[in-house]
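The lines below spell out each chain.
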Amino acid sequence: MMSLKSKILRCPSCRTVVTAQDEHFPFCSDRCRLIDLGKWASGAYRISSPILDPEVMEGLGENQQSHGEHDEKD
């Protein structure tokens, strides 16, 4: 069985093979790390699962109602 320290993965940006001992793990370089950060910052990566927290859902419903009331006044 492979230990975690010897696990081989691929860089998420360019798919180059990297190991856990590499300096920029899980990326192959600082450049690939910055490319990935830029994708997060620009919104290219999104979490698409629905919100299941009831408290958050209540807050969203209130916001939608207040926006709807605002629109009717205009």
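Since the model is a prediction, treat every value here as computed from it, not as a measurement.

A tally of regular secondary structure across the protein gives two helices and two strands. Written out in order from the N terminus, the α and β elements of the protein read β-β-α-α. The buried share of the protein, reckoned over its 74 residues, is 8%. Pairs at least 24 residues apart make up 0% of the contacts formed inside the protein by residues separated by at least 6 positions. As displayed, the protein has an accessible area near 6,500 Å², and 56% of this comes from carbon and sulfur atoms.

What follows concerns the environment of Val17. Mapping Val17 onto the fold places it in strand E2 (residues 17–19). Take Val17: its relative accessible area is 45%, and that puts it in the partly exposed class. Separated by 11 residues in the primary sequence, Val17 and Cys28 have C-alpha atoms spaced 7.5 Å apart. Each residue touching Val17, except ones within four places of it in the same chain, is listed here: Ile8, Leu9 and Arg10.

Along its 13 residues, helix H1 (residues 30–42) runs 18 Å from first to last C-alpha, staying within 8% of the 18 Å computed at 1.5 Å per residue. Phi turns positive one or two residues past the end of H1, at Gly43, with a value near 85°.

Here we take up the side chain of Asp36. Locating Asp36 in the fold gives a position in helix H1. The side chain of Asp36 sits in the buried core without any salt bridge; Lys39 is the nearest counter-charge, 6.0 Å away. When sequence neighbours within four positions are dropped, the list of residues in contact with Asp36 reads Ser13, Phe27 and Tyr45.

Take Cys11: it is sitting in the loop between strand E1 (8–10) and E2. For Cys11, a relative accessible area of 0% corresponds to the buried category. Remark: the alpha-carbon pair of Cys11 and Phe25, spanning 14 residues in sequence, is separated by 8.0 Å. With sequence-adjacent residues up to four places away left out, Cys11 is seen in contact with Thr16, Val18, Pro26, Phe27, Cys28 and Cys32.

Per-residue confidence for the protein averages 77 on the pLDDT scale, and 69% of its residues sit at or above 70. Taking the mean pLDDT of every element in the protein, the minimum, 59, falls on helix H2 (residues 54–73) and the maximum, 93, on H1.

With respect to the helices and strands, His24 occurs in the loop between E2 and H1. A relative accessible area of 19% means that His24 is categorised as buried. Apart from the residues lying within four places of it in its own chain, the contact partners of His24 are Ser29, Asp30 and Arg33.

Conventions adopted
Residues numbered from 1 in each chain as written. Predicted model: local features only at pLDDT ≥ 70, side-chain atom pairs only at ≥ 80, totals over all residues. Heavy atoms only, no water. Helix = DSSP H or I, 4+ residues; strand = E, 2+ residues; numbered from the N terminus. Buried < 20%, exposed > 50% of the residue type's maximum accessible area, 1.4 Å probe, protein only. Contact = heavy atoms within 4.5 Å. Areas by Shrake-Rupley, 256 points an atom, 1.4 Å probe, with all protein chains shown as cover. Expected span 1.5 Å × (residues − 1). Lys, Arg positive; Asp, Glu negative; His and termini not counted. Salt bridge = Lys/Arg side-chain N within 4 Å of Asp/Glu carboxyl O. pLDDT = per-residue confidence, 0-100.

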